[in-house]
Amino acid sequence: MNEDDVEDIEVGEPIHQCPDCGSLTIRGKWAIEGAKTLTDAAQKLRDYAHELEHMRASGLELASPVEADYGIVRPGGMPSEVDLDETEGE
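Overview of the structure. (Residues numbered from 1 in each chain as written. Predicted model: local features only at pLDDT ≥ 70, side-chain atom pairs only at ≥ 80, totals over all residues. Heavy atoms only, no water.)

### Topic: the packing of aromatic side chains
Move 1: Tallied over the full model, the rule gives zero aromatic pairs.
Move 2: A cation sits over an aromatic face here: R27 above Y70, 4.0 Å from the ring centre. (Phe/Tyr/Trp six-rings, centres within 6.5 Å; stacked < 30°, edge-to-face > 60°. Lys NZ or Arg CZ within 6 Å of the ring centre and 35° of its normal.)

What follows is the structure, encoded as structure tokens:
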């Protein structure tokens with residue numbers, strides 16, 4: 001992979017809170033963004049793991065398995081109201 005291959009990749013935050021529904025989206029993709037050494041990358045991963053453990057200790061859990069680098073985190077892993085509405089129609 002060269003510099004031209006990564007120019008159009010948009011960099012985001014590894015943890016993003018949805019202002020409308022309150023859920024969190026977690027991604028591993030950007031967890032080590034900006035690391036200059038392997039030691040720095042390892043520290044960034046430890047910091048990210050600490051944030052995930054803090055979420056779990058606060059009562060948050062994955063709503064479903066992480067898929068294609070996207071994980072949705074909600075209190076107790078409960079489905080959103082949209083998810084509930086979709087299952088009621090079945």
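Right, picking up where we left off after that structure.
### Regarding the pattern of salt bridges
Move 1: All chains considered together, the criterion is met by two salt bridges.
Move 2: A salt bridge links R27 to D69, with the shortest nitrogen-to-oxygen separation between them at 3.2 Å. Here R27 is found in the loop between β2 (24–26) and α2 (38–57), whereas its partner D69 is found in the loop between β3 (60–62) and β4 (71–75), with 42 residues between them in sequence.
Move 3: Relative accessible area serves as the criterion here: at 11%, R27 is assigned to the buried category.
Move 4: With its nearest N and O atoms 3.1 Å apart, the salt bridge here joins E53 to R56. In this pair, E53 and R56 both sit in helix α2, three residues apart, roughly one turn of the helix.
Move 5: Relative accessible area serves as the criterion here: at 45%, E53 is assigned to the partly exposed category. (Salt bridge = Lys/Arg side-chain N within 4 Å of Asp/Glu carboxyl O. Helix = DSSP H or I, 4+ residues; strand = E, 2+ residues; numbered from the N terminus. Buried < 20%, exposed > 50% of the residue type's maximum accessible area, 1.4 Å probe, protein only.)

### Let's talk about the side chain of S23
Move 1: Tracing the chain through its elements places S23 in the loop between β1 (15–17) and β2.
Move 2: A residue is classified by how much of its surface remains accessible, and S23, at 5% relative accessible area, is buried.
Move 3: Ignoring any residue separated from it by four or fewer positions in sequence, one finds S23 in contact with H16, Q17, C18, I72, V73 and R74. (Contact = heavy atoms within 4.5 Å.)

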